[in-house]
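Observations on chain architecture
Here's the letter readout for the chains.
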Amino acid sequence: MTATLLAVQVLNGLQLGVLLFLVAAGLTLVFGVMDFINLAHGVQYMLGAYLAVTFHQLTGSFFLAVPLALAAALVLGLLLEFLVFRHLYDRDHLDQVLATFGVILFLNEGVQIVWGSAPLSYPIPALLEGVIPVMDGFGYPIYRVALILVGLATAVGLWLVVTRTRVGMLVRAGATNARMVSALGVDIRRLFMIVFGFGAMLAGFAGIMAGPILSVEPNMGDGVLILAFVVIVIGGIGSIRGAFVAALLVGLVDTLGRSFMTDIFRTVLDPSAANQVGPALASMLIYVLMAAVLFFRPSGLFPAVGR
Amino acid sequence: MIRAVPSRSPIPLMLLIAFLAVPAIAGASDTSFLIVMATRVMIFAIAALSLDLILGYGAMVSFGHAVFIGIGAYAVGIGAAHEIYDGLITFPIAILAAGLFALITGAICLRTRGVYFIMITLAFGQMAYFTASSLSAYGGDDGLTMWGRSEFFGVAVLNDPTVFYVVVLGCLVACWGFARALVSSRFGRVIRGVRENRVRMQAVGYDPYRYQLVAYGIAGMMAGLSGALLANHAEFVSPAYMSWQRSGELIIMVVLGGMGSLHGAVLGAVAYLVTEEVLSHYTEHWRVIFGPMLILIVIYARGGLSRLLDRTGSGADG
Amino acid sequence: MAEPILALEGVCKAYGALAVSDDLSMAVARGTIHALIGPNGAGKTTLVGQIAGQIAPDAGTVWFDGRDITRVPVHARSHLGLARTFQITSVLPGFTVLENVAVAAQAHAGHSFRFLRPVAGERALNDRAMQALETVGLTARAPMPAGALSHGEKRQLEIAIALATGPKLLLLDEPMAGTGREETERLVATLQALRGSVTILLVEHDMQAVFALADRISVLDYGRVIAEGTPDAIRGNPEVRAAYLGEEDAA
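Predicted, not measured: the structure shown is a model, and the values here were computed from it.

**Side note on the overall build of chain A**
A tally of helices and strands in chain A yields 11 helices and two strands. Secondary structure elements of chain A, listed N to C terminal, follow the sequence α-α-α-α-β-β-α-α-α-α-α-α-α. Here the C-alpha radius of gyration of chain A, 20 Å, is about what a compact globule of 307 residues would show, namely 19 Å. By its C-alpha atoms, chain A is 65 × 50 × 35 Å across when sized along the principal axes. Residues classed as buried in chain A amount to 50% of the 307 residues present. Excluding contacts between residues fewer than 6 apart, the proportion of contacts in chain A whose partners are at least 24 apart in sequence is 77%.

Take a look at the structure:
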């Protein structure tokens, strides 16, 4: 367990955390503002990646594919809002769970019809190829560093939007007391659409960015969705700040746990037992973390005021 | 949403007659497929029934219910891997292990409510799923094939499809009877009361947490039984049994059939699995059809199949 | 002097800088009907919450029947003999009227971890529930779903539910709120009939009802008790008139 390995794994953890934040931010906003539980948020991440595949094939350029895929993700998100989600805002959580589960079934199967079920990918752009030396001759891929930076920049941008703009103010007020916001004469439907489209785009963005380093395949959104749930439960539903802290926490704990758990157990158990127990416990680690947080703070680390 | 004690509905009797008729029809037409399929339907009906206890009567939207099936199945599967085929050992272990897991996770989940509860049960479900996937000694991701079904008193009775069918039907009837007694008992009244108005129940002297936790444990045990049966049915166990999609399907069954009536859950299991079977005849991508169907049902048809049947069947109050 | 059934001692509760209960002390004597009045925003709701157990005080002690119940959870207070009604009607709408009351009786008659015997046939519970319903005059409504009752009937039902728990103290949070004249009169008659059999702490806006029923009245303003005494004494108290009754005079 060298310092270099640790540094690399910390960077990997940050990278996962940043991706999770992009997905969780939309999820927590949609839930905070609309009291809407959207299971289909994960498939929007998946759609982002698939759209990037297609636009990369069409244009041959990563930097053209990204904005095109983003725009398409936004359009598809708004289409889903129009066709399905807006009929569910006044329903209880159970109805929302079921209907958005239906969306997942449809889209997970739909991408297999359109793109096939084999994993796809698109290459890292030439500009971002190569590695940055970390230490002892070990390098870390530039693309992953760029991903972390872009993710952090998005987080800062999002924070500015939420704290400094009129829409952001309404979003924050909506997360605390949606009825009051609509009583103020704000067109709540339009606010919902904006938040929703924005959330879909962020999730799609995460998928687009992840495409070159993960394989693009059906159901790729499901795992991310559940991790994002863990993130927003730990962070406190409706809180962007909570989502950010919790995303990095989950990213780091999960990555470091998977890398080092077995080694740690080898110090106390014999190797074959450690090889059994290590991975099993590593995969449980974030859920244990979540359970622990909830045990002490049932509404997460940064509960939105008034909820 | 006004529901008092379960009303007298003809549906349970109709379902029983239908299930009893299956072996006769299958025997007459020599289609073992039918009996195998119906066995599977009833196994999931037991699981859906157990979910209805907490979802329909207790308003606990658990999104991790498939885990209890998985634990029950793994108890039987792991037993088989160690050459333990005695059902009198593996079945009780399956039921108790699932119940214990329900009590432990429920103790944490039930501290939260609403959407937090949904997400936490989901997360615990995933935790169990990944744990099963990492059990490399028992097949890991690929699952574990059993080389035989459970035996009772040294006889592999479950090897005969018709006997297995009758055993499962017996389990289903027993579970339904137990659940029915439960919801009309003192305990069931408290559970229903907490669904109606938690604060009111606290004010008259109940601690909802204790009752919900026990209900959660009972539901877990019942689902564990269905898991033990499922392992025998498939002669195979895999982490996929406890995937979150499975948990979602169980919720669909309960809601589709009509929550809080018990027989609705059974009806929902029949409807869901038959729909799956029929649709997958036409296309392997049957979910592309089922997904939108589900959305339309949620948006336009509320109350579930059992309400619909009761209304059209007897013209009784809706 | 007999020990009071309920006593508050230096109870404080603040939301931010706003002190809603400000070093508040009061006592309710056994067997009386004790009314608590005060203008809107005086801190009545918070006080009820602290007595019932929904809200934990920042400081101070709540004594009930000689025990410190400050940290006792809501459900356990019921078992000590504290029953309440809610300002906003709170019944089990999908249950029948009878079952609403029977479930309250059930909490105080043996444990509820009984899983198989149908509870609907338990005579003892039903008898007790019918008795409570008779006290409030709702026997004819017993088989109806509670959600179908009129507002005033729901108020009566709440009292029956509370009575079925066999309380030593009945905490009534604005039972007359939103009821018509006739319904109010029926409620007043019901409470009159209960006088002596159970201690009642009545938090109420309806002055006519308060002065008709109360043995003693405490007046709350800005989170503290500004006056306490017999109805006549309160009627004549200039401080009370200034803080509170002035509204009525102007009307």
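**Here we look at the overall build of chain C**
Across its full length, chain C holds nine helices and 10 strands. Its C-alpha atoms give chain C a radius of gyration of 18 Å, near enough to 18 Å, the size a compact globule of 251 residues would have. Burial analysis of chain C (251 residues in total) assigns 44% to the buried set. Taking as baseline every contact in chain C between residues at least 6 positions apart, the subset at least 24 positions apart corresponds to 68%.

**Let's talk about the packing of helix 3 (residues 66-81) of chain B against helix 9 (residues 208-234) of chain B**
Residues and elements named next belong to chain B. Two elements in contact, helix 3 and helix 9, have axes separated by 6 Å at closest approach and are oriented at 50°. Relative to helix 9, the element helix 3 lies oblique. The handedness of the crossing between helix 3 and helix 9 comes out as right-handed. On helix 9, the residues touching F68, I69, G70, I71, G72, A73, A75, V76 and G77 of helix 3 are G220, A223, G224, L225, S226, G227, A228, L230, A231 and N232. Residues that form the contact of helix 3 with helix 9 fall into these classes: 11 nonpolar, eight polar and no charged.

**Some points on the environment of A153 of chain A**
By secondary structure assignment, the location of A153 of chain A is in helix 5 (residues 142-164). Along the backbone, A153 of chain A and Q96 of chain A are 57 residues apart, and their C-alpha atoms lie at a distance of 32 Å.

**Remarks on the interface of chain B and chain C**
In many analyses, interface size is given as the accessible surface area lost on bringing the parts together. In this assembly, 25 residues from chain B lie in contact with 30 residues from chain C. Elements with a contribution of two residues or more to the side of chain B that touches chain C: helix 6 (161-184), helix 7 (186-196) and helix 8 (198-203) of chain B. With six residues, helix 7 of chain B is the single largest residue contributor to the side of chain B that touches chain C. For the side of chain B that touches chain C, the class distribution of residues is 13 nonpolar, six polar and six charged.

**Thoughts on the interface of chain A and chain B**
Listed as interface residues are 36 residues of chain A and, on the opposing side, 36 residues of chain B. Looking at the side of chain A that touches chain B, the elements that each hand over two or more residues are helix 4 (93-115), helix 9 (220-235) and helix 11 (271-296) of chain A. Counting residues per element, the side of chain A that touches chain B draws most heavily on helix 4 of chain A, at 16 residues.

**Notes on the pairing of strand 3 (residues 33-37) of chain C**
Residues and elements named next belong to chain C. In terms of residue burial, strand 3 counts as a mostly covered element, since five of its five residues are buried. Alternating residues of strand 3 divide into I33, A35 and I37 and H34 and L36, and every residue in both groups is buried. Where strand 3 and strand 8 (residues 199-203) come together, four bridges link them in parallel fashion. Bridging from a neighbouring strand, I33 pairs with I200 of strand 8. Across four bridges, the pairing between strand 3 and strand 9 (residues 216-221) is parallel. When the bridges of strand 9 are listed, I37 appears paired with V219.

**Section: the arrangement of the chains**
Across the two pairs of chains in contact, the largest number of contacts is found between chains A and B. Left apart from each other, chain A and chain C have a closest C-alpha approach of 13 Å.

**Some details on the packing of helix 4 of chain A against helix 12 (residues 287-300) of chain B**
Two elements in contact, helix 4 of chain A and helix 12 of chain B, have axes whose closest approach is 7 Å; the angle formed by their N-to-C orientations is 160°. Taken together, the axes of helix 4 of chain A and helix 12 of chain B lie roughly antiparallel to each other. Crossing geometry of helix 4 of chain A relative to helix 12 of chain B is assigned as left-handed. Residue-level inspection shows D95, L98, A99, F101, G102, V103, L105, F106, N108, E109, G110 and I113 of chain A of helix 4 of chain A in contact with helix 12 of chain B, the latter providing R287, V288, F290, G291, P292, L294, I295, V298 and I299 of chain B. Of the residues belonging to the contact of helix 4 of chain A with helix 12 of chain B, the class tally is 14 nonpolar, four polar and three charged.

**Brief notes about the nonpolar core**
One finds V230 and V231 of chain A together with A45 and A48 of chain B to be the most contacted residues of the largest nonpolar core, which totals 276 residues. Element by element, the count of residues in this core is highest for helix 1 (residues 3-34) of chain A, at 16 residues. Setting aside anything within four residues of it in sequence, one finds A45 of chain B in contact with L172, A265, V266, A269 and V270 of chain B.

**Some details on unusual backbone geometry**
Within the chain, L262 of chain B stands out as a residue other than glycine whose phi angle is a positive 65°. Looking at where L262 of chain B falls in the secondary structure, it is placed in the loop between helix 10 (244-257) and helix 11 (263-282). Among the residues examined, L262 of chain B registers 29 C-beta atoms within 10 Å and is labelled buried. Positive phi is not limited to glycine here, since D65 of chain C has a value of about 50°. Examined against the element boundaries, D65 of chain C turns out to sit in the loop between strand 4 (59-64) and strand 5 (67-68).

**Quick notes on the sheet that holds strand 10 (residues 224-229) of chain C**
Residues and elements named next belong to chain C. Read from one edge to the other, the open sheet built from six strands follows the order 6-7-8-3-9-10, with strand pairing classed as mixed. The outermost strands of the open sheet, each flanked by one partner alone, are strand 6 (82-85) and strand 10. Averaged over all neighbouring strand pairs, the angle between strand axes comes to 20°, with direction disregarded. Direction of pairing for strand 6 relative to strand 7 (residues 169-173): parallel, over a ladder of four bridges. Opposite A83, over in strand 7, you have L170 as the bridge partner. Contacts from helix 1 (residues 44-52) reach strand 3, strand 6, strand 7, strand 8 and strand 9, with the element oriented near 150° to strand 7.

**Regarding the environment of R266 of chain A**
All names here are of chain A. With respect to the helices, strands and loops of the structure, R266 is situated in helix 10 (residues 240-266). Residues R266 and V277, 11 residues apart in the sequence, show an inter-C-alpha distance of 9.8 Å. Excluding anything up to four places from it in sequence, R266 contacts P271 and A274.

**Notes on the sheet that holds strand 5 of chain C**
Residues and elements named next belong to chain C. Strands sit in the order 2-1-4-5 across an open sheet of four strands; the sheet is antiparallel. Two strands close off the open sheet at either side, each with one partner strand: strand 2 (18-28) and strand 5. Sheet strands touched by helix 1: strand 1 (6-15), strand 2 and strand 4. Its angle to strand 2, the strand with the most contacts, is close to 60°.

**Some thoughts on helix 5 (residues 114-133) of chain B**
With 20 residues, helix 5 of chain B extends 29 Å between its outermost C-alpha atoms, agreeing within 8% with the 28 Å of an ideal straight helix rising 1.5 Å per residue. The buried fraction of helix 5 of chain B amounts to 17 of the 20 residues, a majority that puts the element mostly inside the structure.

Rules of the game
- Residues numbered from 1 in each chain as written.
- Chains lettered and ligands numbered in written order.
- Predicted model: local features only at pLDDT ≥ 70, side-chain atom pairs only at ≥ 80, totals over all residues.
- Helix = DSSP H or I, 4+ residues; strand = E, 2+ residues; numbered from the N terminus.
- Rg over C-alpha atoms; globule rule 2.2 N^0.38 Å.
- Buried ≥ 20, exposed ≤ 12 C-beta atoms within 10 Å, placed from the backbone.
- Contact = placed C-beta atoms within 7 Å.
- Axes fitted to C-alpha atoms, helices over the stretch in contact; angles between N-to-C directions.
- Parallel < 35°, antiparallel > 145°, perpendicular 65-115°, else oblique.
- Left-handed = near helix turned anticlockwise from the far one by under 90°.
- Nonpolar A, V, L, I, M, F, W, Y, C, P; charged D, E, K, R; others polar.
- Pairing = 2+ DSSP bridges.
- Core = buried A, V, L, I, M, F, W, Y, C linked by C-beta atoms within 7 Å.
- Expected span 1.5 Å × (residues − 1).

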